[in-house]
Amino acid sequence: MHEMGIAQELVKIALDALPKDLENPQVETLNLKIGKLSSVVEHSLTFCFEIITKDTPLENARLDIESVPVRIRCTGCGKEWEADTPVFQCSDCEQGKVEMLSGREIEIISMELFD
Ligand SMILES: [Zn+2]
């Protein structure tokens, strides 16, 4: 289950990003962006997150996950499109050189704290 490693990484980044001058900051929501090809299972990530954030400012924080579609661009003809699975060939020119613009990211976009 690679979600545990990802959850640990996200928690580390989030804790580092907390304002240092706040006493007992409590995170209400953690907004994430997760690419469809990152192979992150959302409920596994949420589960791991809940376990490792116990007794931290992130305890009880809600994960708001935005799923990022896979965007593909053909370097031959410049066509861009979205896909649900990895693509290795352009359907228009069939030159077979495509690059992935998005779909693998795992990022924290923002955090919301309780007042
Ligand atoms: Zn093409």
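As the structure is a computational prediction, the values presented were derived from the model and not from experiment.

Draft legend 1. Region of the structure containing the overall build of the protein. When helices and strands are tallied, the protein shows two helices and six strands. Going residue by residue from the N terminus, the α and β elements of the protein occur as α-β-α-β-β-β-β-β. Against the 2.2 N^0.38 benchmark of 13 Å for 115 residues, the protein shows a C-alpha radius of gyration of 18 Å, more extended than a compact globule. The buried share of the protein, reckoned over its 115 residues, is 17%. For the protein, long-range pairs separated by at least 24 residues make up 71% of all intrachain contacts whose partners lie at least 6 apart in sequence.

Draft legend 2. Quick look at the packing of helix 1 (residues 3-17) against helix 2 (residues 42-52). One can describe the packing of helix 1 onto helix 2 by two numbers: an axis separation of 9 Å at closest approach and a directional angle of 55°. Comparing the axis directions of helix 1 and helix 2 gives the class oblique. Crossing hand, helix 1 versus helix 2: right-handed. Taken together, the residues of helix 2 that come into contact with helix 1 (itself represented by Glu3, Met4, Ile6, Ala7, Gln8 and Val11) are Ser44, Leu45, Cys48, Phe49 and Ile52. When its residues are assigned to classes, the contact of helix 1 with helix 2 shows eight nonpolar, two polar and one charged.

Draft legend 3. Looking closely at helix 1. With 15 residues, helix 1 ought to run about 21 Å at 1.5 Å a step, and its terminal C-alpha atoms sit 21 Å apart, in line with that. Within helix 1, the full set of buried residues consists of Ala7, Leu10, Val11 and Ala14. Projection of helix 1 onto a plane perpendicular to its axis shows the buried side chains occupying an angular sector of 100°, all on one side. For helix 1, exposure combined with an orientation more than 90 degrees from the buried face picks out Gly5, Glu9, Lys12 and Asp16. If you follow the buried residues of helix 1, they end up packed against strand 1 (27-35), helix 2 and strand 6 (106-113).

Draft legend 4. The arrangement of helix 2 in detail. Buried within helix 2 are the following residues: Leu45, Cys48 and Phe49. Buried positions in helix 2, seen along its axis, are confined to an arc of 105° and lie on one side of it. Along helix 2, exposed side chains directed more than 90 degrees from the buried face belong to His43 and Ile51. Summarising the contacts, the buried residues of helix 2 are in contact with helix 1 and strand 2 (62-68).

Draft legend 5. Seen up close, the sheet that holds strand 1. Strands sit in the order 2-1-6 across an open sheet of three strands; the sheet is mixed. Each edge of the open sheet is held by one strand with a lone partner, namely strand 2 and strand 6. Strand after strand, the sheet turns through a mean of 20° between neighbouring axes, direction not considered. Examined bridge by bridge, strand 1 and strand 6 share seven bridges and lie antiparallel to one another.

Cut-offs applied
- Residues numbered from 1 in each chain as written.
- Predicted model: local features only at pLDDT ≥ 70, side-chain atom pairs only at ≥ 80, totals over all residues.
- Helix = DSSP H or I, 4+ residues; strand = E, 2+ residues; numbered from the N terminus.
- Rg over C-alpha atoms; globule rule 2.2 N^0.38 Å.
- Buried ≥ 20, exposed ≤ 12 C-beta atoms within 10 Å, placed from the backbone.
- Contact = placed C-beta atoms within 7 Å.
- Axes fitted to C-alpha atoms, helices over the stretch in contact; angles between N-to-C directions.
- Parallel < 35°, antiparallel > 145°, perpendicular 65-115°, else oblique.
- Left-handed = near helix turned anticlockwise from the far one by under 90°.
- Nonpolar A, V, L, I, M, F, W, Y, C, P; charged D, E, K, R; others polar.
- Expected span 1.5 Å × (residues − 1).
- Arc of directions from axis to C-beta.
- Pairing = 2+ DSSP bridges.

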